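Below, each chain spelled out in residue letters.
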Amino acid sequence: MTRSRSHFRCFPVTLVAATLLVCPVQVVSAQQVTADEPPFEQQLMRLSEIFGALHFLRPLCEESDSPSWRDQMEDFLDAETLDENRRRRFIERFNQGYRGFSVAYRTCTDAARLAMGQYMSEGETIIGDVTSRYGR
């Protein structure tokens, strides 16, 4: 049994169309900074996520920090958030950072130590950037 060439040309289009109907496509839009958010909002959100990751990784690798990363996050929230919705967004990012590593690591590994070092460096960069560009 032979099929015509036009049948084979339509098959990929039909398959793609069927897939799109079965699996909805998520449209990811760039997060826009609203007028009431500071221009460094996304950097602070990332910093919250880093705090959460470090709150999990540092004790896992038997590193003791005083104050803890959770306590540092509390201080950060007190300094940065007056709006409850904004506070919740920062807390959610902290929790995402924590959960992201808690599902992957049960013991300290070389990869966990590497991630910890990279997060420490990225956090320092964000703090330095925000402070130098927007410091009061």
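Residues numbered from 1 in each chain as written. Predicted model: local features only at pLDDT ≥ 70, side-chain atom pairs only at ≥ 80, totals over all residues. Heavy atoms only, no water.

Undergrad: Could you give an account of the packing of aromatic side chains, naming the residues involved and the relevant values?
TA: Enumeration over the complete set of coordinates arrives at seven aromatic pairs. Here Phe56 and Tyr98 contribute two aromatic rings whose centre-to-centre distance is 5.3 Å and whose plane-to-plane angle is 85°, an arrangement assigned as edge-to-face. With Phe56 in helix α2 (residues 41-60) and Tyr98 in helix α4 (residues 84-102), the pair connects residues that are 42 residues apart, well separated along the chain. Ring geometry for Phe101 and Tyr105: centres 5.9 Å apart, planes at 25°, overall stacked. The residues Phe101 and Tyr105 share a single accessibility class, namely buried. Among the aromatic residues, those joined into a cluster by ring pairs are Phe51, Trp69, Phe76 and Phe90. (Phe/Tyr/Trp six-rings, centres within 6.5 Å; stacked < 30°, edge-to-face > 60°. Helix = DSSP H or I, 4+ residues; strand = E, 2+ residues; numbered from the N terminus. Buried < 20%, exposed > 50% of the residue type's maximum accessible area, 1.4 Å probe, protein only.)

Undergrad: Could you give an account of helix α3 (residues 69-80), with specific residues and numbers?
TA: Residues spaced three or four apart along an α-helix point in a common direction, a consequence of the helix completing one turn every 3.6 residues. Helix length check: α3 (12 residues) gives 16 Å between terminal C-alpha atoms against 16 Å at 1.5 Å per residue, within 8%. Looking at α3, one finds that the buried residues are Trp69, Met73, Phe76, Leu77 and Glu80. For α3, the angular spread of buried residues about the axis comes to 100°, placing them on one side. Relative to its buried face, α3 has exposed residues pointing more than 90 degrees away, namely Asp78 and Ala79. (Expected span 1.5 Å × (residues − 1). Arc of directions from axis to C-beta.)

Undergrad: Account for the nonpolar core, naming residues and giving values.
TA: Grouped together as the largest cluster of nonpolar side chains are 25 residues, with contacts concentrated most on Phe51, Leu57, Met73, Phe76, Phe90 and Phe101. When contributions to this core are tallied by element, the ones reaching two or more residues are α2, α3, α4 and α5 (110-134). Per-element tally for this core: the top contributor is α2, with nine residues. (Core = buried A, V, L, I, M, F, W, Y, C linked by side-chain atoms within 4.5 Å.)

Undergrad: Now, about the state of the cysteines: what can you tell me, with residues and values included?
TA: Inspection of the entire model under this criterion finds one disulfide. Here Cys61 pairs with Cys108 through a disulfide, and the sulfurs are 2.0 Å apart. Its S-S torsion of approximately 90° makes the covalent link between Cys61 and Cys108 right-handed. One end of the pair, Cys61, is in the loop between α2 and α3; the other, Cys108, is in the loop between α4 and α5, and 47 residues separate them in sequence. (Disulfide = S-S within 2.5 Å.)

Undergrad: Tell me what's going on with α4, and back it up with residues and numbers.
TA: Between its first and last C-alpha atoms α4 spans 26 Å; for 19 residues at 1.5 Å apiece the expected length is 27 Å, and the two agree. Every buried residue of α4 is accounted for by Arg86, Arg87, Phe90, Arg93, Phe94, Gly97, Phe101 and Ser102. As for α4, its buried residues are in contact with α2, α3 and α5. With a side-chain oxygen lying 3.2 Å from the backbone nitrogen of Asn85, the N-terminal cap of α4 falls on Asp83. (Contact = heavy atoms within 4.5 Å. Polar contact = N/O pair within 3.5 Å; in protein donor to acceptor, adjacent residues only side chain to side chain.)

Undergrad: Hey, could you go over the packing of α2 against α4 for me, with residue numbers and the actual values?
TA: Between two packed helices, the angle of one axis relative to the other and the distance separating the axes together describe the packing. Contact geometry of α2 with α4 gives a least axis separation of 7 Å together with a crossing angle of 40°. As far as their axial angle goes, α4 and α2 are oblique. When you trace α2 past α4, the crossing you get is right-handed. By residue class, the composition of the contact of α2 with α4 is 10 nonpolar, six polar and six charged. (Axes fitted to C-alpha atoms, helices over the stretch in contact; angles between N-to-C directions. Parallel < 35°, antiparallel > 145°, perpendicular 65-115°, else oblique. Left-handed = near helix turned anticlockwise from the far one by under 90°. Nonpolar A, V, L, I, M, F, W, Y, C, P; charged D, E, K, R; others polar.)

Undergrad: Quick rundown of the pattern of salt bridges? Include the residues and the values.
TA: Counting across every chain of the model gives 13 salt bridges. Between Glu49 and Arg46 there is a salt bridge, and its shortest N-O distance comes to 3.3 Å. Of the two residues, Glu49 and Arg46 both sit in helix α2, three residues apart, roughly one turn of that helix. Overall, the relative accessible area of 17% leaves Glu49 in the buried class. The salt bridge partner of Arg133 is Asp129, with a shortest N-O separation of 3.6 Å. Of this pair, Arg133 and Asp129 are both found in helix α5, four residues apart, which corresponds to roughly one turn of the helix. Residue class for Arg133 comes out exposed when judged on its relative accessible area of 54%. Judged by relative accessible area, Asp129 falls into the partly exposed class, the value being 24%. (Salt bridge = Lys/Arg side-chain N within 4 Å of Asp/Glu carboxyl O.)

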